[in-house]
Amino acid sequence: MEKKKFFTVYRLAVIGLMSAMVFACTFIHIDIPVPLSNKVMIHFGNVMCILTALLFGPVTGGFAAGIGSAIYDLTDPTYAPEFWVTFLMKFAMAFVAGVIAHSGGAQGKQKGRNILAAVCGAATYVVLYGCKTIIVQRFIMGAVWQAVWPVVITKCSVSLFNAVIAAVCSVLLTLALRRPLASAGVFDKLQSSRA
């Protein structure tokens, strides 16, 4: 029996489309300046990151989340130098959500598992973002701990707000979109391309 390719043209098209959605939903944002650091923002990009993972699995979700977010970073001089870090962190967020939602044959169809997946994926990003902020502030910029903690608290508070929005909205959107996508045969075409 011939082994089917995972990255088919159809899957690449889904990754491209969802990357564009991640980019667009990140582009619509509210900037919040942070003293002694670059800005932080409230946006809906993480909603699309987790939604993609819940619908299409960890690898497809991870690449769409990472690519869309990294491309956004490259359009903003504040974030451009760390676009590769963003790719890794957003990939991890969606990958965690996708693994939980699709493990054990669930294929993202179980509401309770999707809620857990969305929360775990969003929490993964908040933790990674907090760690990155500490590393940059303390070990790269050389700030004293008394200056680092206010920046970390501010950035992680906004990130936590984004995480709550992402977890709630992605689960609701999954409930709304799963049936129409299944009726259109999207999942069947992706399943037939599994490795």
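Conventions adopted
- Residues numbered from 1 in each chain as written.
- Predicted model: local features only at pLDDT ≥ 70, side-chain atom pairs only at ≥ 80, totals over all residues.
- Heavy atoms only, no water.
- Helix = DSSP H or I, 4+ residues; strand = E, 2+ residues; numbered from the N terminus.
- Core = buried A, V, L, I, M, F, W, Y, C linked by side-chain atoms within 4.5 Å.
- Buried < 20%, exposed > 50% of the residue type's maximum accessible area, 1.4 Å probe, protein only.
- Contact = heavy atoms within 4.5 Å.
- Salt bridge = Lys/Arg side-chain N within 4 Å of Asp/Glu carboxyl O.
- Polar contact = N/O pair within 3.5 Å; in protein donor to acceptor, adjacent residues only side chain to side chain.
- Axes fitted to C-alpha atoms, helices over the stretch in contact; angles between N-to-C directions.
- Parallel < 35°, antiparallel > 145°, perpendicular 65-115°, else oblique.
- Left-handed = near helix turned anticlockwise from the far one by under 90°.
- Nonpolar A, V, L, I, M, F, W, Y, C, P; charged D, E, K, R; others polar.

**Quick word on unusual backbone geometry**
No. 1: For Q107, which is not a glycine, the phi torsion comes out positive at approximately 50 degrees.
No. 2: For Q107, the location among the structural elements is in the loop between α4 (83-102) and α5 (111-140).

**A closer look at the nonpolar core**
No. 1: If you look at the biggest cluster of nonpolar residues, it comprises 40 residues, and the most contacted ones within it are M18, M48, I50, L54, F56 and A117.
No. 2: Those elements that place two or more of their residues in this core are α1 (9-27), α2 (45-56), α3 (58-74), α4, α5, α6 (145-183) and α7 (186-191).
No. 3: Non-local contacts of M48, meaning those with residues more than four positions away in its chain, are made with M18, M21, V22, C25 and L173.
No. 4: Counting residues in each nonpolar core, the second largest holds 6 residues, with I134, V148, V152 and C156 among its members.

**Some words on the environment of V22**
No. 1: In this structure, V22 sits in helix α1.
No. 2: In this structure the C-alpha to C-alpha distance between V22 and G68, which are 46 residues apart in sequence, comes to 5.1 Å.
No. 3: Filtering out sequence-adjacent residues up to four positions away, V22 remains in contact with G45, M48, C49, A64, A65, G68 and S69.

**Examining the pattern of salt bridges**
No. 1: The tally for this structure, following the rule as stated, stands at 1 salt bridge.
No. 2: Here E82 and K132 are joined by a salt bridge, their closest N and O atoms 2.5 Å apart. A residue pair is termed long-range when its members are at least 10 positions apart, and E82 in the loop between α3 and α4 and K132 in helix α5 qualify at 50 residues.
No. 3: Taking the relative accessible area as the measure of exposure, K132 reaches 13% and is therefore buried.

**Description of the side chain of S170**
No. 1: Among the structural elements, S170 can be located in helix α6.
No. 2: A polar atom in the side chain of S170 sits 3.2 Å from the backbone oxygen of A167.
No. 3: Residues within four places of S170 in sequence aside, it is in contact with V47, I50, L51, L54, A118 and I165.

**So, the packing of α3 against α4**
Each pair of packed helices gets described by two things: the angle between the helix axes and the distance between those axes.
No. 1: Put simply, α3 and α4 touch, their axes get as near as 7 Å, and they point 155 degrees apart. For the element pair α3 / α4, the angle class is roughly antiparallel. Crossing geometry of α3 relative to α4 is assigned as right-handed. Contacts from P58, V59, G61, G62, F63, A65, G66, I67, S69, A70, D73 and L74 in α3 reach F83, T86, F87, K90, F91, A94, F95, G98, V99 and H102 in α4.
No. 2: Here the contact of α3 with α4 is composed, by residue class, of 13 nonpolar, 7 polar and 2 charged.

**Some details on the packing of α1 against α2**
No. 1: Interhelical geometry of α1 versus α2 gives an angle of 155 degrees and a closest axis separation of 7 Å. By the angle between their directions, the pair α1 and α2 is classed as roughly antiparallel. Considering only the axes of α1 and α2, their crossing is right-handed. Across from R11, V14, M18, M21, V22, C25 and T26 in α1, the residues of α2 making contact are G45, M48, C49, T52 and F56.
No. 2: Class assignment of the residues belonging to the contact of α1 with α2 gives a composition of 8 nonpolar, 3 polar and 1 charged.

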